[in-house]
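Examination of the molecular architecture
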Amino acid sequence: IGILGNGFITLVNCIDWIKMQKISLADRILTALALSRIGLILVMMVSWFTKESYPFSSLDIKRNKVIFFSIAGLLANHFSVWLATGLSLFYFLKIANFSNAVFLHLKFRIGMVVMVIFLGTLVLLPLSLTLVSIYINIKIHQYERNMTLNSKKSDTETVSKLIILTVESFLPFTISLSCFLLLMFSLLKHIKKMRSHETGFRDPSCKAHVRAMIMVISFLILLAIHFLSHLMTAFYHNVMQSKLAFMLAEALGTIYPSVHSFVLILGNDKLR
């Protein structure tokens with residue numbers, strides 16, 4: 001379902017790009033976001049399939065699997081989360097209405113702001129990769145050493161996972177939450193201004209505010225679910241003993257890149 005939804009976004013925007021010979025900033029972000037989420041879903045699917053189908057692989061195969069899926073999963077998740085954050089920032093700057101000089105300066109340079117934010121996130125990538133390399137070493141050592149040492153290492157593995165998740169999720173979540181709150185404040189300010197005209201939510205600006213807020217809040221909720229699913233799998237060996245509970249946590253992880261694509265489709269006039 002997630003691949004179909006994100007594939008649809010990519011296909012429609014690419015066809016429109018070929019026809020019009022140009023593509024808007026919003027469509028560029030949407031297309032890049034859809035492609036990153038297709039990659040994220042594929043990494044999750046293949047990782048789960050190999051884990052279930054080949055549980056007793058050789059040490060070399062296990063080592064290569066850990067390295068590949070850890071790095072591929074990190075990169076796909078990083079670009080997916082930050083592109084969605086850039087989209088939230090784009091909606092905020094495009095739709096919100098403030099008279100502040102700094103806001104107006106940013107509003108007229110949306111493309112540059114989104115690009116700077118996205119390129120700035122690449123600074124965090126080496127830190128995340130360093131944390132992942134620590135996690136990979138811990139995981140590989142678990143396969144190489146005896147079970148007694150494995151149980152002692154499991155706590156370190158869990159902590160390293162939690163640090164990676166926090167670094168990757170906290171900042172984009174904070175930026176998107178700020179965009180949502182500022183959009184809400186802008187909407188309330190606009191409603192107060194339009195009250196004398198008795199237009200209320202029928203006003204086009206009000207509709208645009210509400211639609212953008214739905215996009216941003218849906219991203220926040222789904223990102224929180226995504227974080228929760230990783231949290232559950234991180235504590236699997238220590239807390240969760242049920243295989244069904246682990247499978248539920250894995251399934252929850254796919255909700256974020258899958259469901260949000262349909263929220264974006266329904267919130268976009270061209271795609272809808």
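Residues numbered from 1 in each chain as written. Predicted model: local features only at pLDDT ≥ 70, side-chain atom pairs only at ≥ 80, totals over all residues. Heavy atoms only, no water.

The protein is annotated in an unreviewed UniProt entry as Taste receptor type 2 of Dama dama.

1. Notes on the environment of Ser-258
Inspection of the secondary structure puts Ser-258 in helix H9 (residues 243-266). When the C-alpha atoms of Ser-258 and Leu-4 are compared, they prove to be 8.7 Å apart, with 254 residues separating the residues in sequence. Discounting chain neighbours no more than four positions away, the residues touching Ser-258 are Gly-2 and Ile-41. Separated by 2.7 Å, the side chain of Ser-258 and the backbone oxygen of Thr-254 make a polar contact. (Helix = DSSP H or I, 4+ residues; strand = E, 2+ residues; numbered from the N terminus. Contact = heavy atoms within 4.5 Å. Polar contact = N/O pair within 3.5 Å; in protein donor to acceptor, adjacent residues only side chain to side chain.)

2. Looking at the packing of aromatic side chains
The geometry of two aromatic rings is summed up by the distance between their centres and the angle between their planes. In this structure the tally under the stated criterion is 7 aromatic pairs. Centre to centre, the rings of Phe-92 and Phe-98 are 6.4 Å apart; their planes meet at 50 degrees, and the pair counts as tilted. Phe-98 matches Phe-92 in its accessibility class, with the two residues each being buried. Relative to Phe-185, the ring of Phe-98 has its centre 5.9 Å away and its plane inclined at 10 degrees; by these criteria the two rings are stacked. Here Phe-185 lies in helix H7 (residues 147-194) and Phe-98 lies in the loop between helix H3 (59-95) and helix H4 (101-107), a separation of 87 residues in the sequence. Relative accessible area serves as the criterion here: at 13%, Phe-98 is assigned to the buried category. What links up through ring pairs into an aromatic cluster is the set Phe-92, Phe-98, Phe-103 and Phe-185. (Phe/Tyr/Trp six-rings, centres within 6.5 Å; stacked < 30°, edge-to-face > 60°. Buried < 20%, exposed > 50% of the residue type's maximum accessible area, 1.4 Å probe, protein only.)

3. Some remarks on the UniProt feature "transmembrane region" (unreviewed entry) in the protein
When the UniProt feature table is mapped onto this chain, "transmembrane region" (unreviewed entry) is found at residues 29-49, 69-93, 113-138, 170-191, 212-232 and 244-266. End C-alpha atoms of residues 29-49 are separated by 30 Å, and the span's content is 100% helix alongside 0% strand. As annotated, residues 244-266 has a helix share of 100% and a strand share of 0%, and its two end C-alpha atoms lie 32 Å apart. (UniProt positions renumbered as here; feature names shortened; annotations may be inferred.)

4. With respect to H9
Taking 1.5 Å per residue, 24 residues should reach 34 Å; H9 reaches 35 Å between its end C-alpha atoms and fits that length. Approximately 35 degrees is the largest bend angle found in H9, and it occurs at Ile-255, with the proline Pro-257 only one to four residues beyond. All of the buried residues in H9 are Phe-246, Ala-249, Glu-250, Leu-252, Gly-253, Tyr-256, Pro-257, Ser-258, His-260, Ser-261, Leu-264 and Ile-265. (Expected span 1.5 Å × (residues − 1). Bend = angle between axes of the 7 residues up to and from the residue.)

5. A word on the side chain of Ser-88
In this structure, Ser-88 sits in helix H3. Those residues in contact with Ser-88, other than ones at most four positions away along the chain, are Ser-176, Cys-179, Val-216 and Phe-219.

6. Section: the nonpolar core
Counting 42 residues, the largest nonpolar core has Phe-92 and Leu-264 as the members making the most contacts within it. Secondary-structure elements contributing two or more residues to this core are helix H2 (25-53), H3, helix H5 (110-121), H7, helix H8 (204-234) and H9. The greatest single-element share of this core, amounting to 10 residues, is contributed by H3. When near neighbours in sequence (up to four residues on either side) are disregarded, Leu-264 contacts Ile-9, Leu-30, Leu-33, Arg-37, Leu-87, Tyr-91, Met-215 and Leu-271. (Core = buried A, V, L, I, M, F, W, Y, C linked by side-chain atoms within 4.5 Å.)

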